[in-house]
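# Commentary on secondary and tertiary structure
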Amino acid sequence: KGGRTMLYCSDCNKVIDEEDLDYETEIYEFWGAPYSERYPVCPYCKSDYLTDEIPPECSCCGEYCDGRYISTEDGAYYCINCYTIVEK
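To start, this report covers the structure provided alongside it. Because the structure is predicted, anything quoted here is derived from the model rather than measured.

### Here's the deal with the overall build of the protein chain
A count of helical and extended segments in the protein chain gives zero helices and seven strands. In the protein chain, the succession of helices and strands from N to C terminus is β-β-β-β-β-β-β. Taking 2.2 N^0.38 as the reference for a compact globule, 88 residues should give roughly 12 Å; the C-alpha atoms of the protein chain span a radius of gyration of 18 Å, well beyond that estimate. Judged by the C-alpha coordinates and their principal axes, the protein chain covers about 65 × 35 × 20 Å. Taken over 88 residues, the protein chain has a buried fraction of 17%. Entry remark: accessible area of the protein chain is about 6,900 Å², with carbon and sulfur atoms responsible for 45%. In the protein chain, 7 positive and 19 negative side-chain charges are present, and the distance between their average locations comes to 6 Å.

### Details of the pairing of strand β3 (residues 22-30)
Sheet topology places β3 next to strand β4 (residues 33-41); nine bridges connect them, and they run antiparallel. Paired with Y28 across the strands is Y35, a residue of β4.

### Let's talk about the environment of D48
You can see D48 is positioned in the loop between β4 and β5 (50-51). Relative accessible area serves as the criterion here: at 45%, D48 is assigned to the partly exposed category. The spatial distance from the C-alpha of D48 to the C-alpha of Y23 is 9.3 Å, given a sequence separation of 25 residues. Excluding its chain neighbours within four sequence positions, the residues that come into contact with D48 are Y39, P40 and V41.

### Overview of the sheet that holds β5
Read across the open sheet, the three strands follow the order β2-β1-β5; overall the sheet is antiparallel. Among the strands making up the open sheet, the edge pair consists of β2 (14-17) and β5. Sheet topology note: the strand β1 (residues 6-9)/β2 ladder contains four bridges and is antiparallel. Bridge pairing in β2 places M6 opposite D17.

### Quick word on the packing of aromatic side chains
A ring pair, where both rings are aromatic, is described by two values, the distance of the centres and the angle of the planes. Applying the stated rule across the entire model yields four aromatic pairs. Measuring from ring centre to ring centre gives 6.3 Å for F30 and W31, while their planes differ by 35°; the resulting arrangement is tilted. Neither F30 nor W31 differs from the other in exposure class; each is exposed. Between the NZ or CZ atom of K14 and the centre of the ring of Y44, over which it lies, the distance is 5.3 Å.

Each value, and the rule that gives it
Residues numbered from 1 in each chain as written. Predicted model: local features only at pLDDT ≥ 70, side-chain atom pairs only at ≥ 80, totals over all residues. Heavy atoms only, no water. Helix = DSSP H or I, 4+ residues; strand = E, 2+ residues; numbered from the N terminus. Rg over C-alpha atoms; globule rule 2.2 N^0.38 Å. Buried < 20%, exposed > 50% of the residue type's maximum accessible area, 1.4 Å probe, protein only. Areas by Shrake-Rupley, 256 points an atom, 1.4 Å probe, with all protein chains shown as cover. Lys, Arg positive; Asp, Glu negative; His and termini not counted. Charge placed at Lys NZ, Arg CZ, Asp CG, Glu CD. Pairing = 2+ DSSP bridges. Contact = heavy atoms within 4.5 Å. Phe/Tyr/Trp six-rings, centres within 6.5 Å; stacked < 30°, edge-to-face > 60°. Lys NZ or Arg CZ within 6 Å of the ring centre and 35° of its normal.

Put into C-alpha cells, the structure is as follows:
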C-alpha cells in the first residue's frame with residue numbers, strides 16, 4: 001500500500017482510499033463571526049460514518065462482514081447472509 005490509508009464506510013459497506021474521499025463544508029456562526037468546518041465523506045453515498053477498521057471479507061460471497069459474522073479456525077469468515085446456525 002505504501003502508506004496509503006484505506007477507510008470503510010459503514011453506510012454503504014465500501015472500502016475507500018483516503019485520496020478518493022469527498023469533502024463537505026458546513027458554515028456556522030460563532031459569536032457573530034463566520035466559522036466553517038470541512039469534513040470527509042464517502043464519495044459513493046456522502047456519509048460521514050467512516051472508520052479505519054475494515055471488517056473481514058466473507059469467504060463465500062465476498063461482501064464485507066458488517067455486524068454479525070462467523071470466523072472459523074481455518075481463517076475463513078462468513079457473513080450473516082451466508083451461514084445458518086441450526087440448533088436441535
